[in-house]
Amino acid sequence: MRFEASPDEIVATAGDVLVLPVHPAEPLSPLPPVTAEIGAATGVDLRALVARRGLRRAGDHCWVPSAGGIACPDLLLVCVGGPDATDVTDVADLREAAMRCARLLDQPVVVCALDRVVTPGWDPTRVVVEAMAIGLYRFDRYRSADTGPGVERVVLPGSDPDVVHTAAVIGAATNFARDLTNTPAADLTPAAFAGICAEKASELGLGYRELGVAELEEGGFGGILGVGAGSANPPVLVCLESGDPAAPATALVGKGITFDSGGLTLKGSLDAIVTMKDDMGGAAAVLAALTAVRALGVDTHLRVYLPCAENALGPRSQRPGDVLRHRGGRTCEVVNPDAEGRLVLADALAYAREATPARIVDVATLTGSTGLGPDIWGIMGSSQSLVDALLRAGTATGDPGWQLPLWEGYRKNLRSEVADLRNHQADMSKFWNHKAIWAGLYLSEFVADTPWAHLDIAATVFRNRADDVWAAGATGTATRALIEFLRTERV
Ligand SMILES: [Zn+2]
């Protein structure tokens, strides 16, 4: 799928369908020139049509044959404003309209008219291209029947080619993270994931290193080894580097549990286990953001750490009560083998810190108990300015988060009777709703005084059902926020 700016006039741009944004206020106000021009060319009274079809909310739409007056045979009118909209479009409405519109399209060539959309402070081209790229996503590689090519090109007359390119790269990166996350765990083992990372590294000229079982044993990575012990697919820690090694670095850490069965504390229901191929969504977002930043030529020094393991049920699975030793020497009583994300992340964070980065951001499908629902990831951290920067970036790109406190009073829950820390407690009945904070506190034990932020994306990473905005499956959550953060919030 390609997005192209075009110098041609909208009415003269050839395609299969012309998408025309309209406002609900249009019946009452003068028609903008483009709408008037298209109305005149097609002989359709667009003002009356918008009123008659009741296009009022963002994404409301109707199809109209163009009767040959323009270079596309069909028009798709898409409302971009809420009921009170005037000629100014709210950016959230525009984004939703573009995503809903994309879900309606499967014609090979789509022409999109944007030169009359006004979103003060925002570039409508950027918003629409990102949203359409995400809305047009399909995951068809496991279907035996040909599902057709879908949309091959989206042409944007009058748009800035640089803006179109940047937004298309960001959209494609988000979809790359979705592809990785949607891939079944049988095909995306830790070794397979590392292989994809190695391919990207050679394609983009990135530094690449992987620590297999022998190196992990030698380096004392007891968390990654303990979690991976029960699987026939051995764990691996992937390290990537981009940019000037002498410059201050941002360290990015992504949880890469390629499947989470829960281990010996096996997940108790089909609902809880069926989507667990998504437990590497953090690593996918980090890898995708790295590739986008590199492709866009952002001059920043990144060190990336992706601890990859399969949390399986097997003869060597770690047992409740086992004690493991993290990178750096601290010990952990594994009360709950299903609280495995913090075990692999603790090793990776400790390792990341050894290289003295200026800041560390980790992204993880850690708990799903942020209480924020499927649209908003949770964030905690030791540096308020870093948390604020990530929140700003997420908001700017339609991939928002909300801050939770690292409540010190809960840190006592980490105390173990036998080890330095414990990863969980046996009785969670009274404590279920602060698991996200507790997990964040566990991670905070391994970053010392390095400015650090942690994104919990377990609730936003996957959608079980399709709706008129999202396809079913992985969402690529946090990818856009990370890219925007790295582009705009320098070390
Ligand atoms: Zn788990």
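Higher on the page you've got the structure.
Residues numbered from 1 in each chain as written. Predicted model: local features only at pLDDT ≥ 70, side-chain atom pairs only at ≥ 80, totals over all residues. Heavy atoms only, no water.

**Some details on helix α4 (residues 124-135)**
- Given a rise of 1.5 Å per residue, 12 residues ought to cover 16 Å, and the 16 Å separating the end C-alpha atoms of α4 matches this to within 8%.
- Extensive coverage of α4 is indicated by the burial of 12 of its 12 residues.
- Within α4, burial applies to P124, T125, R126, V127, V128, V129, E130, A131, M132, A133, I134 and G135.
- Elements in contact with the buried residues of α4: β1 (2-6), α3 (91-102), β5 (109-112), β6 (153-157), α5 (161-182) and α14 (479-488).
- At the N-terminal end of α4, a side-chain oxygen is found 2.9 Å from the backbone nitrogen of T125, two or three residues along, and the residue is D123. (Helix = DSSP H or I, 4+ residues; strand = E, 2+ residues; numbered from the N terminus. Expected span 1.5 Å × (residues − 1). Buried < 20%, exposed > 50% of the residue type's maximum accessible area, 1.4 Å probe, protein only. Contact = heavy atoms within 4.5 Å. Polar contact = N/O pair within 3.5 Å; in protein donor to acceptor, adjacent residues only side chain to side chain.)

**Observations regarding unusual backbone geometry**
- Not every positive phi belongs to a glycine, and A67 is a case in point at roughly 55°.
- As for its position among the elements, A67 is in the loop between β3 (61-65) and β4 (74-79).
- Here the phi dihedral of A448 falls at roughly 50°; this positive angle occurs in a residue that is not glycine.
- Residue position: A448 is located in the loop between α13 (435-444) and β18 (452-456).
- According to the relative accessible area criterion, A448 is partly exposed, its value standing at 48%.

**Details of the side chain of T189**
- Assignment of secondary structure puts T189 in the loop between α5 and α6 (190-204).
- Judged by its relative accessible area of 14%, T189 is buried.

**Quick look at a negative patch on the surface**
- A surface patch of like charges, here negative, comprises D8, E9, E37 and D115.
- Take E37: it is sitting in helix α1 (residues 33-42).
- For E37, a relative accessible area of 37% translates into the label partly exposed. (Patch = residues over 30% accessible without salt bridge, like charges linked within 9 Å, V, L, I, M, F, W, Y side chains within 5 Å. Areas by Shrake-Rupley, 256 points an atom, 1.4 Å probe, with all protein chains shown as cover. Salt bridge = Lys/Arg side-chain N within 4 Å of Asp/Glu carboxyl O. Lys, Arg positive; Asp, Glu negative; His and termini not counted. Charge placed at Lys NZ, Arg CZ, Asp CG, Glu CD.)

**Quick word on the pattern of salt bridges**
- Tallied over the entire structure, the rule returns 23 salt bridges.
- We note a salt bridge from K200 to E203, for which the minimum N-O separation is 3.6 Å. Of this pair, K200 and E203 are both found in helix α6, three residues apart, which corresponds to roughly one turn of the helix.
- Residue class for E203 comes out exposed when judged on its relative accessible area of 54%.
- Across the pair E484 and R487 runs a salt bridge whose closest N-O atoms are separated by 3.5 Å. One end of the pair is E484 and the other is R487, both in helix α14 and three residues apart, which spans about a single turn.
- Put simply, R126, E130, E484 and R487 are held in one network by salt bridges that share partners.

**Focus on the packing of α5 against helix α10 (residues 281-295)**
- Close contact between α5 and α10 brings their axes to 8 Å; oriented N to C, the two are set at 150°. For the element pair α5 / α10, the angle class is roughly antiparallel. Considering the relative orientation of α5 and α10, their crossing is right-handed. Contact with α5, carried on its side by V169, A173, F176, A177, L180 and T181, involves G281, A284, A285, L287, A288, T291, A292 and A295 of α10 and no other residues of that element.
- Grouping the amino acids of the contact of α5 with α10 by side-chain chemistry returns 11 nonpolar, three polar and no charged. (Axes fitted to C-alpha atoms, helices over the stretch in contact; angles between N-to-C directions. Parallel < 35°, antiparallel > 145°, perpendicular 65-115°, else oblique. Left-handed = near helix turned anticlockwise from the far one by under 90°. Nonpolar A, V, L, I, M, F, W, Y, C, P; charged D, E, K, R; others polar.)

**Notes on the pairing of strand β8 (residues 236-242)**
- With six of seven residues buried, β8 lies mostly within the body of the structure.
- Alignment of strand β7 (residues 207-211) against β8, held across five bridges, turns out to be antiparallel. Pairing of Y208 across the sheet is with L240, part of β8.
- Summarising the sheet, β8 and strand β11 (residues 301-311) pair through seven bridges and their orientation is antiparallel. (Pairing = 2+ DSSP bridges.)

**Focus on the pairing of strand β15 (residues 377-381)**
- Of all five residues making up β15, four are buried, and the element is well covered by its neighbours.
- On the question of chirality, the crossover connecting β15 to the parallel strand β16 (residues 401-403) by way of helix α12 (residues 384-396) is right-handed.
- In terms of strand pairing, β15 meets β18 through four bridges, oriented antiparallel. Residue pairing in the sheet places G378 in a bridge with D456 of β18. (Right-handed = clockwise from strand over helix to strand, strands pointing away.)

**What to know about the coordination of the zinc ion**
- Those protein atoms acting as donors to the zinc ion are D260 (OD), D338 (O), D338 (OD) and E340 (OE), and they sit at 2.0 to 2.2 Å.
- Here the donor residues of the zinc ion are spaced in sequence according to D-x77-D-x1-E. Here the residue D260 occupies a position in strand β10 (residues 256-260), and D338 occupies one in the loop between β13 (331-334) and α11 (341-354), the gap between them amounting to 78 residues.
- Its relative accessible area of 2% is what places D260 among the buried residues. (Donors = N, O, S within 2.8 Å, 3.2 Å for Na, K, Ca; no water.)

**Some thoughts on the environment of D375**
- Relative to the helices and strands, D375 resides in the loop between β14 (359-364) and β15.
- Considered as a pair, D375 and T475 are 100 residues apart in the sequence and their alpha carbons are 9.9 Å apart.
- Not counting chain neighbours up to four residues away, the residues in contact with D375 comprise P400, T460 and R463.
- For D375, the side chain forms a polar contact with the side chain of R463, separated by 2.7 Å.

**A closer look at the sheet that holds strand β17 (residues 421-422)**
- Read from one edge of the open sheet, three strands run β12-β13-β17, paired in mixed fashion. Looking at strand neighbours, the two that pair on one side only are β12 (322-325) and β17, the edges of this open sheet.
- As defined by bridge partners, β13 adjoins β17 across two bridges and the pair is classed as parallel. Bridge pairing links E333 to R422 in β17.

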